[in-house]
Amino acid sequence: MKFSSQLQSATLLKRYKRFLVDLRSNDGEEFTVHCANTGKMTGCAERGFKAYYSTSDNVKRKYPHSLELTQDNQGHLICVNTAMANKVAYEAIKHNCIEQLTEYQDISSEVKYGNENSRIDILLSGDGKPECYVEVKSVTLLHEGKGYFPDAETVRGQKHLRELIHIKHQGKRAVLLFIVMHNGIDSVQAAAHIDKKYAQLLAQAKSEGVEIYAYKAKVTPEEVKVIEQVSVLDT
């Protein structure tokens, strides 16, 4: 998924009020950008990190700039705009880059489903195949050399796992797809130390037939693109 416009770089100063980040440009100007990330962004938004931001041409926006990437002290680029994960996954599936999700003729997004007023990120369908419900999660938490999800307690994520289990019980395909958006992460596992309930539900989902995959995306200032499957480790 290529960025729609050229990203500009700056230095990250601080994140606050969840959706706001202060940056300092290369010429010393300080300004505020929007941050589309509801997580804690642990290890992704430290003071002094290099940041990359996009600029909208929508004159009605209060904050015309949006934080897209950061670069940690080890030089790893991280896509912190969580909305990109769905776009990257959609593009990868459409171009048959996710081995387990090929040969479907139709692909839709944000389709209502389930018992808990949910929307599935991606719905796949095709002649003679059971519908395939794909929930996408962005992985950016690097801890002791491993990638973890979630980076904060997620009631919403727990709900999605329950919905996937229900879909599987209906005889349809249910898939949890982790997209690794951090160049320093090469595996994924549930962050039981952060959200014990999520880790328990993930183990239950796996035992009841929900398919769980993780694919790594290469993050650059020009694009974020799936490159390879990585391991999902048991907790």
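Note that the coordinates shown come from a computational prediction; the quantities given were computed from them, not determined experimentally.

Let us now look at the nonpolar core. One finds Val134, Leu177, Ile179, Met181 and Val224 to be the most contacted residues of the largest nonpolar core, which totals 30 residues. Counting only elements with at least two residues in this core, the list comes to β6 (77-79), α1 (83-94), β8 (118-126), β9 (129-139), β12 (173-180), β14 (211-219) and β15 (224-233). With six residues, the single largest contributor to this core is α1. Taken domain by domain, the makeup of this core includes at least three residues from each of domain 1 (8-78) and domain 2 (83-233). Those residues in contact with valine 224 that sit more than four places away from it in its chain are Met1, Phe3, Cys79, Met84, Val88, Met181, Ala217, Lys218 and Val219. In this structure, Leu123, Ile167, Leu202 and Ile212 belong to the second largest nonpolar core, which totals 26 residues.

Moving on, we get to the pairing of β15. For strand β13 (residues 187-190) and β15, the ladder comprises three bridges, and the chain directions are parallel. By the bridge assignment for β15, valine 188 is matched with valine 232. Between β14 and β15, which follow one another and run antiparallel, lie four residues.

Along its sequence, the protein chain is organised into domain 1 (8-78) and domain 2 (83-233). With 12 residues of domain 1 at the interface, the matching set in domain 2 holds 13 residues. Here domain 1 and domain 2 share an interface that buries about 980 Å² over both sides, 66% of which is from carbon and sulfur atoms. Across the contact surface, domain 1 and domain 2 share zero salt bridges. Linking domain 1 to domain 2 there are three residue pairs in polar contact (both at pLDDT 80 or more). Taken together, the residues of the side of domain 1 that touches domain 2 sort by class into six nonpolar, three polar and three charged.

Relative to the assigned elements, leucine 161 resides in helix α2 (residues 155-169). Residue class for leucine 161 comes out buried when judged on its relative accessible area of 1%. Spatially, the C-alpha atom of leucine 161 lies 36 Å from that of asparagine 58, the residues being 103 residues apart in sequence. Non-local contacts of leucine 161, meaning those with residues more than four positions away in its chain, are made with Leu176, Tyr198, Leu201, Leu202 and Ala205.

Attention now moves to the UniProt feature "domain: SfsA N-terminal OB" (unreviewed entry) in the protein chain. Mapped onto this numbering, the UniProt entry annotates "domain: SfsA N-terminal OB" (unreviewed entry) at residues 13-80. Here residues 13-80 runs as 0% helix and 44% strand, with 15 Å between its end C-alpha atoms.

A word on the sheet that holds β9. The strands making up a sheet are joined through hydrogen bonds of the backbone, oriented either antiparallel or parallel. The nine strands are arranged β7-β8-β9-β12-β14-β15-β13-β11-β10 in an open sheet whose pairing can be described as mixed. Every other strand in the sheet has two partners, leaving β7 (106-113) and β10 (141-143) as the edge strands with one partner each. Sheet twist, expressed as the average angle between the axes of neighbouring strands with direction ignored, equals 40°. Where β9 and β12 come together, eight bridges link them in parallel fashion.

Reading guide: rules and limits
- Residues numbered from 1 in each chain as written.
- Predicted model: local features only at pLDDT ≥ 70, side-chain atom pairs only at ≥ 80, totals over all residues.
- Heavy atoms only, no water.
- Core = buried A, V, L, I, M, F, W, Y, C linked by side-chain atoms within 4.5 Å.
- Buried < 20%, exposed > 50% of the residue type's maximum accessible area, 1.4 Å probe, protein only.
- Helix = DSSP H or I, 4+ residues; strand = E, 2+ residues; numbered from the N terminus.
- Domains from an automatic or database assignment.
- Contact = heavy atoms within 4.5 Å.
- Pairing = 2+ DSSP bridges.
- Buried area = accessible area lost by both parts, 1.4 Å probe.
- Salt bridge = Lys/Arg side-chain N within 4 Å of Asp/Glu carboxyl O.
- Polar contact = N/O pair within 3.5 Å; in protein donor to acceptor, adjacent residues only side chain to side chain.
- Nonpolar A, V, L, I, M, F, W, Y, C, P; charged D, E, K, R; others polar.
- UniProt positions renumbered as here; feature names shortened; annotations may be inferred.
- Axes fitted to C-alpha atoms, helices over the stretch in contact; angles between N-to-C directions.

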